[in-house]
Each structure stands twice: as C-alpha cells, then as structure tokens.
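Residue-level structural notes
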Amino acid sequence: MKSCNTGFLGSFITFEGVEGAGKSTRCRKLIRSLERSGISVLHTREPGGPPASERIRSLLLDPELLVSPLTELMLYLASRASNVDLVIRPALQEGINVICERYSDATFAYQIGGRGLPEKPVKDADSLATGGLVPDLTILLDLDPEEGFARLRRQGREKDRIELEKISFHRRVRQIYLELASMEARYFVIDAAQEPDLQDRLIENRVMSIILRQK
Ligand SMILES: Nc1ncnc2c1ncn2[C@@H]1O[C@H](COP(=O)(O)OP(=O)(O)OP(=O)(O)O)[C@@H](O)[C@H]1O
Ligand SMILES: [Mg+2]
C-alpha cells in the first residue's frame, strides 16, 4: 500500500515560494520531463483551476480593487474549495498525479505571515476548504523576494495586487514559508538562486521518488 498523506493512488504535489521564485518555470520543466518518462500529470494553480476559481483569481489579483484581509482570505479559500472538489480530489481518486502551483501553505504564508491574521482560525478555515487534503510533497522555492521581483521586472510583467505589497510583506512571507518547511517532512526546500538545471534535477528526483513509491 502506498504510504502518503492523501491516501489516494495519485500523488499530490504543490509548488510554493515568493513572487518570481520560479514556480511556473520549474513546474513547466518538471511536467515536460515527467511526460517524457510516460508519467502524465494534471497541472493546476491557485488561485484558479475550475472556471469559478479562475474568476475569483481575477478578483483577487486586480490592483484596482481594495480588498480587506478577511475578504482576501475568504476568496482564496473559496477558490481552493472549488479547485479541490472539482479538479484535484477527483483526479487523485482516479490515480492521476496532480501538480498545483500554490495551495494551503500560500494562505499560511500570505494571510497569516503577510497580513497578520490569527493562525488557528485561518488554519481551521483552510482545513474546511480542503476537506483536510494535504499534499504528499511541497516544493518550496526559497528566494530573496528582491531577486524574485528583479526577475519579474526582467520579464516585463505588470505587478498584480499582491505583488504591489511592500518588500517587508514579502520578506515575512518568505520567513513563514521557511518556518513551515522546518516543521514537517513533506516539504522539499530548494535554493531558487541556484543554477536552474540543478534545481530541475533535484526536483525531478524527489518527485519521482514520491510518484513511484510502491502502490
Ligand atoms: N533559476 C532562475 N534563475 C533566473 N531566472 C529565473 C529562474 N527561474 C525562473 N526564472 C525567471 O524568473 C521569472 C519568474 O519566474 P516564474 O514566472 O516561473 O516565477 P513564479 O514563481 O511562477 O512567479 P509568480 O509568483 O509571479 O507566479 C521568469 O522570467 C523566469 O524565466
Ligand atoms: Mg507563476
């Protein structure tokens, strides 16, 4: 029997990290190499996923909108609940591996660390939204947020509502991510300032070891 957090045949893998740490890039590379090995995966992101969650994403990231911290929390959780119920859990139940860019840890880092919302009620509310679904593996791309923003500037991308927060906010986010990662074995911390090919190799090896665990 496969030993994993989800209890499903498919593995649930999440990517976390500050803005511009490389989540989308590393994810793309990982999926390409898994597919070359004949392993297909379902790729989703947060906030986002099914159409209702993608609409919530545009509300959340719109720099024109003033959103209170509690509203922000509820919107992230609303988006996550639909993504889990409609996309992630059904796939895992069918034995499909799921890779998600951001998940509950982003709420802990941004809404508890960044916004200062109280830990216990936020964690309880998140657990209600996910039905207790915890990733088998969380890859934390650790990077100085200033470097992440420098990368995004080079990409020429406009900043979204969250990215427009002060650098001290993003430093707190990084700090909470590292604290979370020091507390549980499901995290795999990658120095995202390292050479990209090395990061990809480390990530691929770790993901393969999770996906290929005896079922
Ligand atoms: N290891 C790396 N070294 C230098 N640049 C990188 C590295 N990894 C990714 N990049 C570049 O940094 C930029 C941000 O990467 P990416 O969009 O993957 O980050 P992200 O974590 O998904 O960001 P966001 O939080 O905005 O979704 C991209 O232009 C990407 O090509
Ligand atoms: Mg991205």
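See the structure printed just above.
Residues numbered from 1 in each chain as written. Chains lettered and ligands numbered in written order. Predicted model: local features only at pLDDT ≥ 70, side-chain atom pairs only at ≥ 80, totals over all residues. Heavy atoms only, no water.

1. A closer look at the sheet that holds strand E1 (residues 12-17)
To keep it simple, the criterion reads: Criterion used throughout: strands pair if DSSP finds at least two bridges between them. Each helix corresponds to a stretch of at least 4 residues labelled H or I by DSSP, and each strand to a stretch of at least 2 residues labelled E; elements are numbered beginning at the N terminus. Only the contacting stretch of a helix is used when fitting its axis, a line to C-alpha atoms as for every element, and angles between N-to-C directions run 0 to 180 degrees. Between two residues, a contact is recorded if the distance between any of their heavy atoms is within 4.5 Å.
With respect to topology, 5 strands assemble into an open sheet ordered E2-E3-E1-E4-E5, the strand pairing being parallel. Edge positions in the sheet fall to strand E2 (41-45) and strand E5 (187-191), since each has one partner strand and no second. Taken over all neighbouring pairs, the strand axes of this sheet differ in orientation by 20 degrees on average, direction set aside. Here strand E4 (residues 137-142) runs beside E5; their pairing, made up of 5 bridges, is parallel. Note that in E5 the partner of threonine 138 across the bridge is tyrosine 187. In the packing of helix H4 (residues 104-114) onto the sheet, the strands contacted are E1, E4 and E5, and the crossing angle to E1 comes to about 25 degrees. Contacting E1, E4 and E5, helix H7 (residues 167-183) runs over the sheet at an angle of about 140 degrees to E4.

2. Quick look at the site of ligand 1
To keep it simple, the criterion reads: Proximity is defined per residue: if any heavy atom of the residue lies within 4 Å of a molecule or strand, that residue is considered near it. Pairs of N or O atoms are called polar contacts if they sit within 3.5 Å, as long as, within protein, a hydrogen donor faces a hydrogen acceptor (for residues adjacent in sequence, only side-chain-to-side-chain pairs). Accessible surface area values rest on a Shrake-Rupley calculation with a 1.4 Å probe, where residue burial reflects the displayed protein chains alone. Here a cavity denotes a set of grid points, spaced 1 Å apart and computed over the protein atoms alone, in which a 1.4 Å probe fits but from which it cannot get out, and a pocket denotes an open set meeting protein on both sides within 12 Å along at least five of seven lines; residues with an atom within 4 Å of a point are reported as lining. Grid points define the cavity or pocket, and a molecule sits in it when more than half of its atoms lie within 2 Å of them. Each residue is assigned to one class: nonpolar for Ala, Val, Leu, Ile, Met, Phe, Trp, Tyr, Cys and Pro, charged for Asp, Glu, Lys and Arg, and polar for all the others, Gly among them.
Close to ligand 1 lie 19 residues, the nearest being Gly22, Lys23, Ser24, Thr25 and Arg157. In this structure, an oxygen atom belonging to ligand 1 sits 3.5 Å away from a side-chain N or O atom of glutamate 19. Here an oxygen atom of ligand 1 and a side-chain polar atom of glutamine 155 are 3.5 Å apart. For ligand 1, the protein covers 78% of the area, taking 630 Å² as the surface of the free molecule. Most atoms of ligand 1, that is more than half of them, are within 2 Å of grid points of the largest pocket. Only helix H1 (23-36), helix H6 (145-155) and helix H8 (196-211) provide two or more residues apiece to the shell around ligand 1. For the shell around ligand 1, the element with the highest residue contribution is H1, accounting for 4 residues. When the residues that make up the shell around ligand 1 are grouped by side-chain class, the tally is 5 nonpolar, 7 polar and 7 charged.

3. Considering helix H5 (residues 119-130)
Worth spelling out the cut-off: By definition here, a helix of n residues has an expected span of 1.5 Å times n minus one. Each residue is assigned to one of three classes by its accessible area relative to the maximum for its type, calculated with a 1.4 Å probe on protein chains only: buried under 20%, partly exposed between the two thresholds, exposed over 50%. Think of it as the arc spanned by the lines of direction from the helix axis to the C-beta atoms.
Compared with the 16 Å implied by 1.5 Å per residue over 12 residues, the 16 Å span of H5 between its first and last C-alpha is a close match. Inspection of H5 places Val122, Asp126, Ala129 and Thr130 among the buried residues, and these make up the whole buried set. Axial view of H5: buried residues confined to an arc of 85 degrees, hence all on one face. Structural note: H5 exposes Lys120 and Leu128 on the side pointing more than 90 degrees away from its buried face. Trailing H5 by a residue or two, glycine 131 shows a phi angle of about 65 degrees, which is positive.

4. Let's talk about the pattern of salt bridges
Counted only if it meets this: The salt bridge definition used is simple: a Lys or Arg side-chain nitrogen within 4 Å of an Asp or Glu carboxyl oxygen.
In the structure shown here, the tally under the stated rule is 18 salt bridges. We note a salt bridge from aspartate 200 to arginine 26, for which the minimum N-O separation is 2.7 Å. Taken together, the positions of aspartate 200 in helix H8 and arginine 26 in helix H1 put the pair 174 residues apart, joining distant regions of the chain. Of the two residues examined, aspartate 200 and arginine 26, each falls in the buried class. Here aspartate 105 and arginine 186 are joined by a salt bridge, their closest N and O atoms 2.9 Å apart. Of this pair, aspartate 105 sits in helix H4 while arginine 186 is found in the loop between H7 and E5, placing the two residues 81 residues apart along the sequence. When sorted by exposure, aspartate 105 lands in the same class as arginine 186, which is buried. One network of salt bridges, with partners in common, ties together Glu72, Arg115, Arg161 and Glu165.

5. Notes on unusual backbone geometry
A cis amide bond, omega -10 degrees, links glutamate 46 with the succeeding residue proline 47. Within the chain, arginine 102 stands out as a residue other than glycine whose phi angle is a positive 75 degrees. Mapped onto the elements of the fold, arginine 102 is located in the loop between strand E3 (97-101) and H4. The class for arginine 102 is buried, based on a relative accessible area of 12%.

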